[in-house]
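Structural description and commentary
The lines below spell out each chain.
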Amino acid sequence: MAATEHTWELSVQVDQQEGEETMKFKIRVKGDLHVGGLMLKLVEKIKAPQNWSDHALWWEQKNCWLLKNHWTLDKYGVQADADLRFTPQHKPLCLQLPNMKTIKLTITFSSVVFKAVEEICKALNIRRSEELSLLRPPDDPKKKKKKDKGKGQAEDDIIDMDTISGVAGNSLYSKTMTATYDPENGTPASATSLWFGDNPLTASQPNIPAEELAKMYLPLSMEDKAVINAGWLDSSRSLMEQGVQENDKLLLRFKYHCFFDLNPKYDAVRITQLYEQARWAILLEEIECTEEEMLMFASLQYHICKLTMSTKPVDLSDEPEIDEVEAALSHLETTLEGRSTDRILEDITDIPKLEDTLKLYRPKRLLRTFKEYWFVFRDTSISYYKNKESANGEPIEQLHLRGCEVVPDVNVTEKKFGIKLLLPVADGMNEVYIRCDHETQYAKWKAACILASKGKTMAYSSYNTEVKNIQSFLQMKSLAPPPGQAAPDVESMEMNAECFVSPRYAKRYKNKQLSTRILEAHHNISQLTLMEAKLRFIQAWQSLPEFGIKYYIVRFKGCKKDEILGISYNRLIRIDMSTRLPLTTWRFSNMKQWNVNWEIRQVTIEFDQNVSVAFSCQSCDCRVVHEYIGGYIFLSTRSKDQNETLDEELFRKLTGGQE
């Protein structure tokens, strides 16, 4: 009796390999037994000739893994009523990639999501895994019945990566599936060419028929987007801890919209998947764009489809070196303000200025139409005068652009080149419209406005690049063929134009009209290579005013009604729920600190000039918003001299919950 007085029976369920029944065991233990000893006792009792090294203990009631083998049962708080499960740490998971293809992949369910995503990206050969994360698929009750009917067919469409690698889902998976590149030409080494060279990861997917696209299309309000954005998994907890089970389906997506060090030589998969995420965002209208922009995106898709279907294999060694690509598309390497990537070309006392005659319109003033003034852009401010002669005196008004929103108001076909400025004031944002006469003038002034909104002047080296990017974007939007090129012959071209635009735009035109307009826009980009076209598409996506903004429903401290908070890669935006207009913008570069009161689930942020905001999250757990802010701050610390090693500890400090 004395021998058993401090022992008790512990119930443990043992998960076998797929297809085999689970077993239940009762083991007599003492509180000072460590977890490693418990597993040893268990394996001895099972007596099955099997490698149990991948198994670990999962505590159902507490929803946690017992991974510290040296900890005792007493230290973990395990008692006789505990239900433990001895289960493999590596389990299959279904992942929908940004290109909408679904793969089945064996990954570590006991690792935190940050590490699991790193493992997934290593397997798929996607660099910079910190930019991606896992999102739960949104529930759509209207489509549930349809989904159930087509379930068997959907199973056939899943690409089983374990089968391709020749490994039946064991812990060797990630080592086996790591794609390696030939250092000479950047192409996949022969061992991985089998699955890597010609597969859905690197090749752009053909556009689906318009009827299928129409079934997928669902107009989304900001509130709908807020519900979807609540589904991001917590990076600092494991899949099992967040209720994800074997063979569940999750979405792999680029979560943080600052794409660092994009290199065509080594990022074939990453660039293709980025392009695909952008393409679906445009087609399903997850991001707003004008009709002219939609046609530009359609022409790029048409071009990419044409090149993808051509018989000539893609030779990645033909791609330009990274410094050439950076020169042409430098803002694809988007980083947060505050980093020292820009170098001032001139002495600070010699900052360039812009002067010109432009038109101005202020909706909230008595001025109801555009009126001409003499404008002077100096430092980060715009002053306007009655005419050039009076520019030595006091201006009619000075507009301070730091922290403002810069929104394009452009229609190239109608020769409308406008800039809408939303200027921060104490009680919200003031609207100002500026109209330019031509493309060159617009590119210079808009580039200056963008830099000024970030607190930078035209002396920064990125000013000229920004001007070129804007000009290139305008040229792509132009529907007129370049000089010396004939208009397209629509009759001789075969094109299902409706599958290149969103269903809403497809309804406005007959297929022939749409084909004509897409082919007109195609003239401007017809000389691009496949990789250049994908990069241009990504660049154009980044130029949209709504790019990278994730919406959440919040309630600000002291307010009685819900509002919308937009989180972008460089700022937070307070948006009025009824008008959908931004009220205030706060830039991360002006942020001093932020913290979360986990008891009352409230986020508090302090900015420069004693500005402080506090809000509680209504559409999601405040962890999601906290992690987004911390994640963007973390990504701003990256630099090229780090190679690809990440300070994971810093990421956890900035994004992890402190409950």
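Refer to the preceding data block for the structure.
These lines cover the structure that appears in this document, whether it is placed above or below. (Residues numbered from 1 in each chain as written. Predicted model: local features only at pLDDT ≥ 70, side-chain atom pairs only at ≥ 80, totals over all residues. Heavy atoms only, no water.)

1. Section: the overall build of the chain
- Scanning the chain from terminus to terminus reveals 20 helices and 24 strands.
- By residue count, 53% of the 659 residues in the chain fall in the buried class.
- Taking as baseline every contact in the chain between residues at least 6 positions apart, the subset at least 24 positions apart corresponds to 63%.
- Just so you have it, the chain exposes about 31300 Å², and 49% of that area is on carbon and sulfur atoms. (Helix = DSSP H or I, 4+ residues; strand = E, 2+ residues; numbered from the N terminus. Buried < 20%, exposed > 50% of the residue type's maximum accessible area, 1.4 Å probe, protein only. Contact = heavy atoms within 4.5 Å. Areas by Shrake-Rupley, 256 points an atom, 1.4 Å probe, with all protein chains shown as cover.)

2. Quick word on the nonpolar core
- Counting residues in each nonpolar core, the largest one holds 112 residues, and the members touching the most others are L134, L239, W541 and I605.
- Per-domain counts for this core show at least three residues from each of domain 1 (8-88) and domain 3 (550-655).
- Listed in part, the 35 residues of the second largest apolar core include Y384, V412, C436 and A448. (Core = buried A, V, L, I, M, F, W, Y, C linked by side-chain atoms within 4.5 Å. Domains from an automatic or database assignment.)

3. A few points about the packing of aromatic side chains
- Inspection of the entire model under this criterion finds 29 aromatic pairs.
- Their ring planes at 90° and their centres at 6.2 Å tell us that F375 and W445 sit as a pair that is edge-to-face. Highlighted residues: F375 in strand 12 (residues 371-378) and W445 in helix 14 (residues 439-453), separated in sequence by 70 residues. For the pair shown, F375 and W445 are each scored as buried.
- A centroid spacing of 6.0 Å and a plane angle of 45° characterise the contact between F556 and W586, whose relative ring orientation is tilted. Of this pair, F556 sits in strand 18 (residues 550-556) while W586 sits in strand 21 (residues 582-587); the two residues are 30 residues apart in sequence, bridging distant segments of the chain.
- In this structure W586 comes out as buried when scored by relative accessible area, which is 10%.
- A cation over an aromatic ring shows up here: K255 above the ring of Y628, its NZ or CZ 4.9 Å from the ring centre.
- Of note, R574 hangs over the ring of F556, and the distance from its end group to the ring centre comes to 3.9 Å. (Phe/Tyr/Trp six-rings, centres within 6.5 Å; stacked < 30°, edge-to-face > 60°. Lys NZ or Arg CZ within 6 Å of the ring centre and 35° of its normal.)

4. As for helix 20 (residues 648-655)
- Within helix 20 the residues assigned to the buried category are F651, L654 and T655. The buried residues of helix 20 occupy an angular sector of 80° when the element is viewed end-on, so they sit on one face.
- In this fold, the buried residues of helix 20 make contact with helix 3 (113-124), strand 22 (591-597) and helix 19 (622-635). (Arc of directions from axis to C-beta.)

5. Describing the sheet that holds strand 18
- Taking strand neighbours across the sheet as the criterion, the seven strands line up as 21-20-19-18-24-23-22 in an open arrangement whose pairing is antiparallel. Edge positions in the open sheet fall to strand 21 and strand 22, since each of these has one partner strand only. Taking the axes of each pair of neighbouring strands and ignoring which way they run, one obtains an average angle of 30° across the sheet.
- Where strand 22 lies against strand 23 (residues 602-607), six bridges are found, and the strand directions are antiparallel. Pairing of W594 across the sheet is with I605, part of strand 23.
- Across the sheet, helix 19 lies against strand 18, strand 19 (563-567), strand 20 (571-575), strand 22, strand 23 and strand 24 (611-617), angled at about 155° from strand 22, the strand it touches most. (Pairing = 2+ DSSP bridges. Axes fitted to C-alpha atoms, helices over the stretch in contact; angles between N-to-C directions.)

Purely geometric numbers; function is a separate question.
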